[in-house]
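Here is what each chain is made of, one letter per residue.
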Amino acid sequence: MKIFWADAVAYLNPTHDLESQADIEASIRSGVSFKGSQLLILIFAIFIASLGLNTNSIPVIIGAMLISPLMGPIIGMGLGIGIHDFSLLKKGLKNISAAIIGSLLTSALYFLISPQYEGSSQLLARTSPSIYDVFVALFGGAAGILSIAAKNKGQVLPGVAIATSLMPPLCTAGYGLATWQMNFFLGAFYLFFTNFIFIFVASWAGVKLMRFKPVSFQTQGRAQKVKIIAYSLVGVVIGVSVYLTVVMIRKNVFLDQASAFVENEMVFPNTQVLSHKEYIEDNTRHIDVTLIGEALPKDSLQLAMVNKLDSVGLGGTVLNIKQGFALNDLDDNMSEDRFYKIMQSELADQQAKIDSLNTIIKQRDRFNSASRDIAPEVQVVFPNISDIALAQMIATSVADEQTDTVNMIFVNAPQGLTPKDRRRLRRYVGVRLGMNNLDVTLNPKGFPWPKPNPKREPAKTN
């Protein structure tokens, strides 16, 4: 077991594959500044990313992320804090600030002159960070600093540039400025800031784990001052990142719980959820649901669903239920194909109900009018019967309210019917109407039989 553990540690230990600290520092420091070609490359990358977002082209966006040099200053700031080099930290912060401002202005300029202003799906996808973006930035930053330090660098940095996605959020924020849509600007910049913070923290942690030697100072007092400033800045950054992470976790937990609540609890026999939207506004949680199909009692439905919200830990959430809809009530994220399928399913259900009701109506009409149609036949087959009535009734138990359909044959036969004639009558009417389970009631008292018409001539017999 010890041998296996020693081998595993040896495989995972990167120290034998790292360059010298001087070479690593030189590589990182060279990517911190934006001058000459680096600045032009950044400007070109901004335009390419803006074009990709504007045209909703994923390959173009990926190309812009590969070109962008934004990772350099962030990793440089992590190195500066890790080795207590305050001047490098200030240089990295200055350059990344200039890069952010330049990216925002360049992107805003592009979208001001661009003829297409609609928010594409790629723009919308970069307006709200999730907890997954945090982990991508954290592990991406760790992979970035390790790849720079390794002798065998491979193709890690291009992959890190794509995964951490720094350029597209900045361009989306520029789109928000150009179109004066603050939800785009704030959401996209929030996503960029989250990625920036966790790449920075991962780089600083990597430098500390690789045990880089701090810079030497002529005076101990200056060294102590740099340490206090550096660690205070790291503490602030980590505190902000933890707060943002907690906010995102709470939001994502609510969105998952709310979506599961709608899908699992709002299930009705003849009504279905057309669309639903979960969001947080002014620290208040909201769930908007649009129903289609058979209308449900509004007050009782609202009360029942609010009680269920309390039982699943979503108490205090504002639930807004709409029944019936206009086109502007639909969720913007609902695809035309899904809407078509829902409407097609609803129409099929309604048609099935109509067909079922038509069948029941035809059956009842046939049964209710059958006594008039078969009366002449019954008079010939059963001479003792003078009147006959057929009825389909619903019998209900008073004790438990159970119901059943009863098919009745009422017979007026003053001279009576033998048990054999009763069976024959039941079988005859059953075959004639194609029905079973017929009950015969003979000479019911007080039954309102039709009175004979005195003007009608009796049938002649030979």
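One structure accompanies this document, and this report is about it.

The rules behind the values
Residues numbered from 1 in each chain as written. Predicted model: local features only at pLDDT ≥ 70, side-chain atom pairs only at ≥ 80, totals over all residues. Heavy atoms only, no water. Phe/Tyr/Trp six-rings, centres within 6.5 Å; stacked < 30°, edge-to-face > 60°. Helix = DSSP H or I, 4+ residues; strand = E, 2+ residues; numbered from the N terminus. Buried < 20%, exposed > 50% of the residue type's maximum accessible area, 1.4 Å probe, protein only. Patch = residues over 30% accessible without salt bridge, like charges linked within 9 Å, V, L, I, M, F, W, Y side chains within 5 Å. Areas by Shrake-Rupley, 256 points an atom, 1.4 Å probe, with all protein chains shown as cover. Salt bridge = Lys/Arg side-chain N within 4 Å of Asp/Glu carboxyl O. Core = buried A, V, L, I, M, F, W, Y, C linked by side-chain atoms within 4.5 Å. Contact = heavy atoms within 4.5 Å. Lys, Arg positive; Asp, Glu negative; His and termini not counted. Charge placed at Lys NZ, Arg CZ, Asp CG, Glu CD. Pairing = 2+ DSSP bridges. Axes fitted to C-alpha atoms, helices over the stretch in contact; angles between N-to-C directions.

Details of the packing of aromatic side chains
Then, number 1: Taken as a whole, this structure holds ten aromatic pairs when the rule is applied.
Then, number 2: On the basis of an interplanar angle of 40 degrees and a centroid distance of 6.0 Å, the ring pair of phenylalanine 189 and phenylalanine 192 is categorised as tilted. Taken together, the positions of phenylalanine 189 and phenylalanine 192, both in helix 11 (residues 182-209) and three residues apart, correspond to about one turn of that helix.
Then, number 3: A residue is classified by how much of its surface remains accessible, and phenylalanine 192, at 1% relative accessible area, is buried.
Then, number 4: With centroids separated by 6.4 Å and ring planes inclined at 70 degrees, the aromatic side chains of phenylalanine 382 and tyrosine 428 adopt a geometry described as edge-to-face. Of this pair, phenylalanine 382 sits in the loop between helix 14 (336-381) and strand 4 (387-396) while tyrosine 428 sits in helix 15 (residues 419-433); the two residues are 46 residues apart in sequence, bridging distant segments of the chain.

Quick word on a nonpolar patch on the surface
Then, number 1: The grouping of Ile41, Ile58, Ile62, Leu66 and Ile67 at the surface amounts to a nonpolar patch, some 370 Å² of accessible area in total.
Then, number 2: On the secondary structure map, isoleucine 62 appears in helix 4 (residues 58-67).

A look at the nonpolar core
For soluble globular proteins, nonpolar side chains are generally found buried alongside one another.
Then, number 1: Membership of the largest hydrophobic core comes to 57 residues, with the highest contact counts inside it found for Leu70 and Met167.
Then, number 2: It is helix 11 that provides the largest number of residues to this core, a total of twelve residues.
Then, number 3: Other than its neighbours up to four places away in sequence, methionine 167 contacts Leu42, Ala45, Ile46, Ala49, Ser68 and Leu70.
Then, number 4: In terms of nonpolar packing, the next biggest core, distinct from the first, is built from 17 residues, Leu390, Ala413, Leu425 and Val429 among them.

Considerations on a positive patch on the surface
Then, number 1: A contiguous patch of positive charge on the surface is contributed by Lys420, Arg422, Arg423, Arg426 and Arg427.
Then, number 2: Looking at the element boundaries, arginine 423 is found in helix 15.
Then, number 3: Among the residues examined, arginine 423 registers a relative accessible area of 46% and is labelled partly exposed.

Details of the sheet that holds strand 6 (residues 438-442)
Then, number 1: Here we have three strands laid out as an open sheet, ordered 4-5-6, and mixed in their pairing. Both outer strands of the open sheet, strand 4 and strand 6, are each paired with one neighbouring strand and no more. Averaged over all pairs of adjacent strands, the angle between strand axes in this sheet comes to 30 degrees, irrespective of strand direction.
Then, number 2: As judged from the five bridges shared by strand 5 (residues 403-412) and strand 6, these two strands associate in the parallel manner. From the neighbouring strand, phenylalanine 410 faces strand 6, where its bridge partner is threonine 441.
Then, number 3: Its contacts with the sheet put helix 15 on strand 4, strand 5 and strand 6, and the angle it makes with strand 6 is roughly 135 degrees.

Quick notes on the pattern of salt bridges
Then, number 1: Inspection of every chain in the model, using the stated rule, returns two salt bridges.
Then, number 2: Where glutamate 265 meets lysine 308, a salt bridge forms, and the shortest distance between an N and an O atom there is 3.4 Å. With glutamate 265 in helix 12 (residues 220-265) and lysine 308 in helix 13 (residues 298-311), this pair connects stretches of sequence that are 43 residues apart.
Then, number 3: With a relative accessible area of 31%, lysine 308 lands in the partly exposed category.
Then, number 4: Note that aspartate 421 is salt-bridged to arginine 424, the shortest N-O span being 3.1 Å. With aspartate 421 and arginine 424 both in helix 15 and three residues apart, the pair spans about one turn of that helix.
Then, number 5: A relative accessible area of 18% means that aspartate 421 is categorised as buried.

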